[in-house]
Amino acid sequence: MAKFKVLAMDNVSEKGLEPLRKEPDIEVVIGKKMTEDELVEIIGDYDAMIVRSATKVTPRVLENAPKLKVVGRAGVGVDNIDLNAATQHGVLVVNAPDGNTIAATEHTIAMMLALARNIPQAVAKMKNGVWDKKAFLGVELRGKVLGVIGLGRIGSAVARRAQALEMDIVAYDPYITSEKAESLGIKLVTMDELLPVADFITMHMPKTKETYHMLDEQAFAKMKDGVRVINCARGGIVDEEALYKYMQSGKVAGAALDVFEKEPNTESPLLALDNFIATPHLGASTAEAQLNVAIDVAEEIVEALQGKVVRNTVNIPSVKPEVMVKIKPYLKLAEKLGKFQAQLVEGRATKLEVTYNGDLAGEEVKPITTALIKGFLDPILQETVNFINAPLLAKNRGINVIQTVNGRAGGYASLITVKVVSDKGEHTLSGTLFQDNDPRIVMVDGYRVDAIPEGYMLYVPHIDKPMIIGPVGMMFGKYNINIASMQVGRKEVGGKAVMMLSVDAPVPEDTMKEIAGIDGVLDVKFVSL
Ligand SMILES: NC(=O)c1ccc[n+]([C@@H]2O[C@H](COP(=O)([O-])OP(=O)(O)OC[C@H]3O[C@@H](n4cnc5c(N)ncnc54)[C@H](O)[C@@H]3O)[C@@H](O)[C@H]2O)c1
Ligand SMILES: O=C(O)CC[C@@H](O)C(=O)O
């Protein structure tokens, strides 16, 4: 009997599964289209699964998959996989981000040309026996402005091809540098600059909280009259109701969607509009792309099942299993330290200095730093921050991350210290693991404490004098908030001191203000971990 079973869903290219099939330890089962209930029934038998965009890997599926080690997405977008639930269950999510870039790029260009020359509508008429030459006066692309929103792999490949069609390109992407845009011969602009000048607008970013309905009523209102809009990225980035309204009013001369907020979709009112064209999520549907992504993801699954370092991990950093065993407990601690710092810091953070002391100094600490950055950005950003994009997001926000390793840990086996510098000041936090997996914050801004980083916490710098601890405690009593633990740290009698409290409920703004008003309290920060 094979050691591992892999379930391949969503018509993933069978030829591309060769890397799995040639492993004697691995059995591949081709799954038919299933409901969530049907998938929940069988998933318990599998060690790995491959999906495209149709199968939803929900928390319920993951809860019922005790053997599952890895989910492979044969493509780029992972919005059909619940990444948080996968991480919680220790399931690695990998994708194949490069294999379908050209397919999606060419589909976008095809959509743009089809829109400009009314090709689908003319074909439909001819097939109905009508030779209608007058109804389809098109527009040329040459000399038109193409607004590319999202200048990643596909956006930049689309831009390069549009340049060959002699279009002028403007692009909006807040996360790439102007040097990268300049190297492509493209001008980076703001959304407000792009919308009124573009004759064609094409979307090429992931669906995140930030990009959801990015083209909404307000965005359409700012567009040039007669604009044509293309979305071959993800459904939901364009607000379909707003698009319908602006197509009916004539402001939008045409639109081409390959992706819809709800898929499959044959009901959209947009389909009734003459100047609307659509394809059923075909962006990646070329023989070449499907083979490429299936091979990439199959190879990654073999690597994951054999415990090797995997290339395109989306939720958990990929390191050798023996390294992972050592650093895993520190990933959680680091993420918490980052999250704590994000809620302590005031102003725009410019520097994040991470220092590793003790045993950790001899380990591969880069994934721990990534976990820390992820924790730091999570409360700040709307979009999904993961182990892949966290360092880049920090860099694009002008946060300089410095990682240092040092020998001694001052009595602790290992110590992680993170200093955040902002335009308004700085805070330093140190954490360690007691008995190898019990996380503790042991130092805040140079004061020794001993606090478990979880739940709701308060950080209260104050003057070391009588009538501080009592009144703060009374305040929680007054508002019926239970204090789970309280730590006080000071350097000298009568000097500055800090209080760290764990409480059982969120602390309302008014209570915070009252605490801040207690004589001798210097500041109050509420932290939710
Ligand atoms: N239709 C299809 O079948 C198909 C096929 C492949 C990829 N896709 C989708 O195409 C999209 C792009 O894929 P890619 O491989 O180019 O990804 P990518 O990660 O290379 O590029 C995405 C770009 O979007 C930018 N971005 C993120 N948030 C943004 C925002 N708020 N505003 C503007 N830009 C933002 C990022 O900085 C990045 O440069 C993804 O949504 C992917 O899932 C669809
Ligand atoms: O698998 C597909 O057909 C679509 C893939 C595409 O949406 C992607 O994000 O890679």
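Because the structure is a prediction, the values reported are computed rather than measured.

## Here we look at the overall build of the protein chain
Logical step 1: For the protein chain, the helix and strand inventory stands at 17 helices and 22 strands.
Logical step 2: In terms of its C-alpha atoms, the protein chain occupies a principal-axis envelope of roughly 95 × 60 × 45 Å.
Logical step 3: In the protein chain, buried positions account for 43% of the 529 residues.
Logical step 4: Look at the contacts in the protein chain between residues 6 or more apart in sequence, and 67% of them connect residues 24 or more apart.

## A word on the site of ligand 1
Logical step 1: In the vicinity of ligand 1 lie 32 residues, with Gly77, Gly152, Tyr175, Met205 and Gly283 positioned nearest.
Logical step 2: Secondary-structure elements contributing two or more residues to the shell around ligand 1 are α5 (101-117) and α7 (153-164).
Logical step 3: In terms of residue count, the dominant contributor to the shell around ligand 1 is α7 (three residues).
Logical step 4: Of the residues contributing to the shell around ligand 1, the split by class is 16 nonpolar, 11 polar and five charged.
Logical step 5: There are two domains that each give the shell around ligand 1 at least three residues, and those are domain 1 (4-98 + 290-318) and domain 2 (101-278).

## Re the nonpolar core
Logical step 1: With 155 residues, the main nonpolar core has Val6, Met49, Ile50, Ala171, Ile301 and Ile416 as its most contacted residues.
Logical step 2: A per-element tally of this core places helix α12 (residues 287-305) first, with 10 residues.
Logical step 3: Filtering out sequence-adjacent residues up to four positions away, Ala171 remains in contact with Val148, Leu151, Gly155, Ala159, Ala181, Ile186 and Leu188.

## Looking at unusual backbone geometry
Logical step 1: Glu263 connects to Pro264 through a cis peptide bond whose omega is -5 degrees.
Logical step 2: In the Ramachandran plot, His213 falls in the positive-phi region, its phi being about 50 degrees despite a non-glycine side chain.
Logical step 3: Structurally, His213 is set in the loop between β9 (200-203) and α10 (217-222).
Logical step 4: Unlike most non-glycine residues, Met467 shows phi in positive territory, near 65 degrees.
Logical step 5: Here Met467 is to be found in the loop between β19 (456-463) and α16 (469-478).

## Side note on the domain arrangement of the protein chain
Logical step 1: Once the domains are mapped, the protein chain shows domain 1 (4-98 + 290-318), domain 2 (101-278), domain 3 (319-445) and domain 4 (455-529).
Logical step 2: Its C-alpha centre places domain 1 at a distance of 47 Å from the equivalent point of domain 4.

## As for the pairing of strand β1 (residues 4-8)
Logical step 1: Summarising burial for β1: four of the five residues are buried, a large majority.
Logical step 2: In terms of strand pairing, β1 meets strand β2 (residues 26-30) through five bridges, oriented parallel. Bridging across to β2, Leu7 finds its partner in Val29.
Logical step 3: The pairing of β1 with strand β3 (residues 48-51) spans three bridges and is classified as parallel. Paired with Val6 across the strands is Ala48, a residue of β3.

## Some words on the sheet that holds strand β17 (residues 438-444)
Logical step 1: Taken together, the six strands give an open sheet; going across it, the order is β14-β13-β15-β16-β17-β18, and neighbouring strands pair in mixed fashion. The open sheet terminates on both sides in strands that have one partner only, identified here as β14 (400-406) and β18 (447-451). Between one strand and the next, the sheet's axes are offset by a mean angle of 20 degrees, whatever the strand orientation.
Logical step 2: Bridge analysis of strand β13 (residues 349-358) against β14 gives seven bridges, and the strand direction is parallel.

Parameters and conventions
Residues numbered from 1 in each chain as written. Chains lettered and ligands numbered in written order. Predicted model: local features only at pLDDT ≥ 70, side-chain atom pairs only at ≥ 80, totals over all residues. Helix = DSSP H or I, 4+ residues; strand = E, 2+ residues; numbered from the N terminus. Buried ≥ 20, exposed ≤ 12 C-beta atoms within 10 Å, placed from the backbone. Contact = placed C-beta atoms within 7 Å. Near = placed C-beta within 6 Å. Nonpolar A, V, L, I, M, F, W, Y, C, P; charged D, E, K, R; others polar. Domains from an automatic or database assignment. Core = buried A, V, L, I, M, F, W, Y, C linked by C-beta atoms within 7 Å. Pairing = 2+ DSSP bridges. Axes fitted to C-alpha atoms, helices over the stretch in contact; angles between N-to-C directions.

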